[in-house]
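Reading the structure
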Amino acid sequence: MAMTIEHIQEQLRPQLDAMNEIITSTLTSNSELTNSIVTSYLKSKGKLLRPIVTLLSAKFFGGVNEKALQGAAALEMLHNASLIHDDVIDEATERRGLPTINDVWSNHVAVLVGDFFVTGALRCGVATGDGRILSALADMGRDLSLGEIDQVDIARNHNIDEETYMDIIRAKTASLFECCAAVGGYANNAPQTAIDELRRFARLLGICFQIKDDTFDYYNDPIIGKPTGNDLREGKVTLPLIYALNRTDLPEHDEMLALVNKETPTSDDIDRLIEFAKRAGGIDYAYEVMQRLRDEANDVLSPYSPDETVDQFRDIFDYVIERRL
C-alpha cells in the first residue's frame, strides 16, 4: 500500500524541522516589515515536495547531513521566490488559502520580498561550501527562467506541439526537481553517474508534476482554487488541448484551431476549447502520458534493492499523479 505524502512528511519530520529552522534564521533581518511579511508567508508551507525530494536523495546516497539541509533550504527558498513573483505576474489574490503578499501590500513589496528569498537561498548555497551545489542551483535558476520566457514567447505565436511543450516544462518545472536530486547526491559526494540516474528520475517526476498541474486548468474545482481556463487566457496551450488539436479527424478541428489562434479569445471561446479538449480525449491522454512517465521512473529505480527510500520515491510519483492540489 502506497504511503501518503503526509506519512512521508512525518517520517522526515526531524530533518524538515531542521531545514525550516535554517530558512527562518536565514530570512530573519533587522527590518520589522520584512520579518512580519516573511513570518506570515512561512506559516503556510505547502507539501514541501521539493525539499522532500532533496532529503530523500541525501538518504539514498548516504544520509541527511548539514550540507543537504542547507541545500534543501536553498531550493525551498528559490521555489517560494518563484511563487511570490508568479503571484505578481498573475495578479493572484490568494495562495494556499491565504492572501498573497502582492494583494496585502503591493506588487513592489512582493517583488522585493521574492528577491529577499533569492538572497537567502544564495546564502544557504554558500553555506554548503560546495561549488557543485552552487553550480547546480545557478544552472537550475537559468533553466527555470528560460523555460518561462520561452513559454511566453510561444504563447504569443500560438504555435506549440507536444515536443516543444515537453521541452518547456522540463526547463520551467523539472529542472528544479533535478536540482533537488543532484544536491542530495553532492552533499554525500556520490558518483556523478549515480547522481545523473537519480536526476533522470527527478526529471520524469517534475514533468509529470507539471502535466498534472496543467490538467487542473480544465476543471472548476474550489479545492484547487485556480480559475478554469486560466492558462488559455494567458495564451498557454497545454497537453490536453495539444492532443485534441492534433485530432484532425474531428469535424470541429479547424474551428477550434481558429479559436486558439485568436488574438483575444473570449470567455465563451475558452469554455468551448476546454470542452473540446475533454471530448477529444485530451485529459485521458494526459493521464496516459503520466502513467508512461511513471513506468520510466520505475525503470530508473528497478536496479536498486527495495528499501524505505526507494519505496518513498515510488510513492511520491503516485502522489503527484493522484493529487488534487
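Residues numbered from 1 in each chain as written. Predicted model: local features only at pLDDT ≥ 70, side-chain atom pairs only at ≥ 80, totals over all residues. Heavy atoms only, no water.

Turning next to the packing of helix H3 (residues 32-42) against helix H7 (residues 107-127). Between H3 and H7, the shortest axis-to-axis distance is 11 Å and the interhelical angle comes to 75 degrees. Relative to H7, the element H3 is oriented roughly perpendicular. Here Thr34, Ile37, Val38, Tyr41 and Leu42 of H3 come into contact with H7, specifically with Val109, Val113, Phe116 and Phe117. Of the residues that constitute the contact of H3 with H7, the class distribution is eight nonpolar, one polar and no charged. (Axes fitted to C-alpha atoms, helices over the stretch in contact; angles between N-to-C directions. Helix = DSSP H or I, 4+ residues; strand = E, 2+ residues; numbered from the N terminus. Parallel < 35°, antiparallel > 145°, perpendicular 65-115°, else oblique. Contact = heavy atoms within 4.5 Å. Nonpolar A, V, L, I, M, F, W, Y, C, P; charged D, E, K, R; others polar.)

Turning our eyes to something else, we now look at unusual backbone geometry. Non-glycine residue Glu91 carries a positive phi angle of around 55 degrees. For Glu91, a relative accessible area of 67% translates into the label exposed. The phi dihedral of Asn189 falls on the positive side, at around 50 degrees, and the residue is not glycine. Along the polypeptide, Asn189 turns up in the loop between helix H9 (162-186) and helix H10 (192-215). Residue classification places Asn189 among the exposed residues on the basis of a relative accessible area of 55%. (Buried < 20%, exposed > 50% of the residue type's maximum accessible area, 1.4 Å probe, protein only.)

Turning our attention to the nonpolar core. Judged by nonpolar contacts, the single largest core of 100 residues is most densely connected at Phe117, Phe201, Ile211, Leu241, Ile316 and Phe317. In contact with Phe201, not counting residues within four places along its chain, are Ala297, Val300, Leu301, Phe313 and Phe317. (Core = buried A, V, L, I, M, F, W, Y, C linked by side-chain atoms within 4.5 Å.)

Here H9 crosses H10 at 140 degrees, and the two axes come no closer than 7 Å. The angle between H9 and H10 places the two elements in the oblique class. The two elements H9 and H10 meet at a crossing, and its hand is right-handed. For the contact of H9 with H10, a count of residues per class yields 15 nonpolar, five polar and six charged. (Left-handed = near helix turned anticlockwise from the far one by under 90°.)

The subject of this paragraph is the side chain of Thr238. With respect to the helices and strands, Thr238 occurs in the loop between helix H11 (230-233) and helix H12 (239-245). By relative accessible area, which is 3% here, Thr238 ends up buried.

Moving on, we come to the environment of Ala73. Counting through the fold element by element, Ala73 comes out in helix H5 (residues 66-90). A sequence separation of 47 residues divides Ala73 from Gly120, and the C-alpha atoms of the two residues are 8.9 Å apart. Apart from the residues lying within four places of it in its own chain, the contact partners of Ala73 are Met19, Ile22, Ile23 and Cys124.

Evaluated as defined, the whole model comprises eight aromatic pairs. On the numbers, 5.6 Å between centres and 75 degrees between planes, the contact of Tyr41 with Phe117 is edge-to-face. On the criterion of sequence distance, the pair formed by Tyr41 in helix H3 and Phe117 in helix H7 is long-range, its members being 76 residues apart. These aromatic residues form a ring-pair network of at least three members: Phe60, Phe61, Phe201, Tyr304, Phe313 and Phe317. Just above the ring of Phe209 sits the side chain of Arg50; from NZ or CZ to the centre is 5.0 Å. Cation over ring: Arg323 sits above Phe209, and NZ or CZ is 3.9 Å from the ring centre. (Phe/Tyr/Trp six-rings, centres within 6.5 Å; stacked < 30°, edge-to-face > 60°. Lys NZ or Arg CZ within 6 Å of the ring centre and 35° of its normal.)

With respect to the helices and strands, the residue Asp130 is situated in the loop between H7 and helix H8 (131-157). For Asp130, a relative accessible area of 6% puts it in the buried group. Between the C-alpha atoms of Asp130 and Lys67, which are 63 residues apart in sequence, the distance is 8.3 Å. Setting aside its immediate chain neighbours within four residues, Asp130 contacts Lys67 and Tyr186. A polar contact is formed between the side chain of Asp130 and the side chain of Lys67, at a distance of 3.2 Å. (Polar contact = N/O pair within 3.5 Å; in protein donor to acceptor, adjacent residues only side chain to side chain.)

Here we come to a negative patch on the surface. Together, Asp150, Asp153, Asp161, Glu163 and Asp167 give the surface a local cluster of negative charge. Residue assignment for the negative patch shows that the elements contributing at least two residues are H8 and H9. As for its position among the elements, Asp150 is in helix H8. (Patch = residues over 30% accessible without salt bridge, like charges linked within 9 Å, V, L, I, M, F, W, Y side chains within 5 Å. Areas by Shrake-Rupley, 256 points an atom, 1.4 Å probe, with all protein chains shown as cover. Salt bridge = Lys/Arg side-chain N within 4 Å of Asp/Glu carboxyl O. Lys, Arg positive; Asp, Glu negative; His and termini not counted. Charge placed at Lys NZ, Arg CZ, Asp CG, Glu CD.)

The next subject is H9. At Ala174, H9 is deflected by roughly 55 degrees, the largest bend along its length. By the criterion of burial, H9 is predominantly enclosed, with 20 of the 25 residues buried. (Bend = angle between axes of the 7 residues up to and from the residue.)

This part covers the environment of Arg13. Inspection of the secondary structure assignment puts Arg13 in helix H2 (residues 13-26). With a relative accessible area of 26%, Arg13 lands in the partly exposed category. In this structure, the C-alpha to C-alpha distance between Arg13 and Ile52, residues 39 residues apart in sequence, is 10.0 Å.

Quick look at the pattern of salt bridges now. What the rule picks out here adds up to 20 salt bridges. In this structure, Glu10 and Arg13 form a salt bridge, with 3.1 Å as the shortest nitrogen-oxygen distance. With a closest N to O distance of 3.2 Å, Arg203 and Glu178 form a salt bridge. One end of the pair, Arg203, is in helix H10; the other, Glu178, is in helix H9, and 25 residues separate them in sequence. Arg203 sits in the partly exposed class, given a relative accessible area of 28%. The buried category is assigned to Glu178, whose relative accessible area is 3%. Among the charged side chains, a network of salt bridges with common partners joins Asp143, Arg170, Glu178, Arg199 and Arg203.

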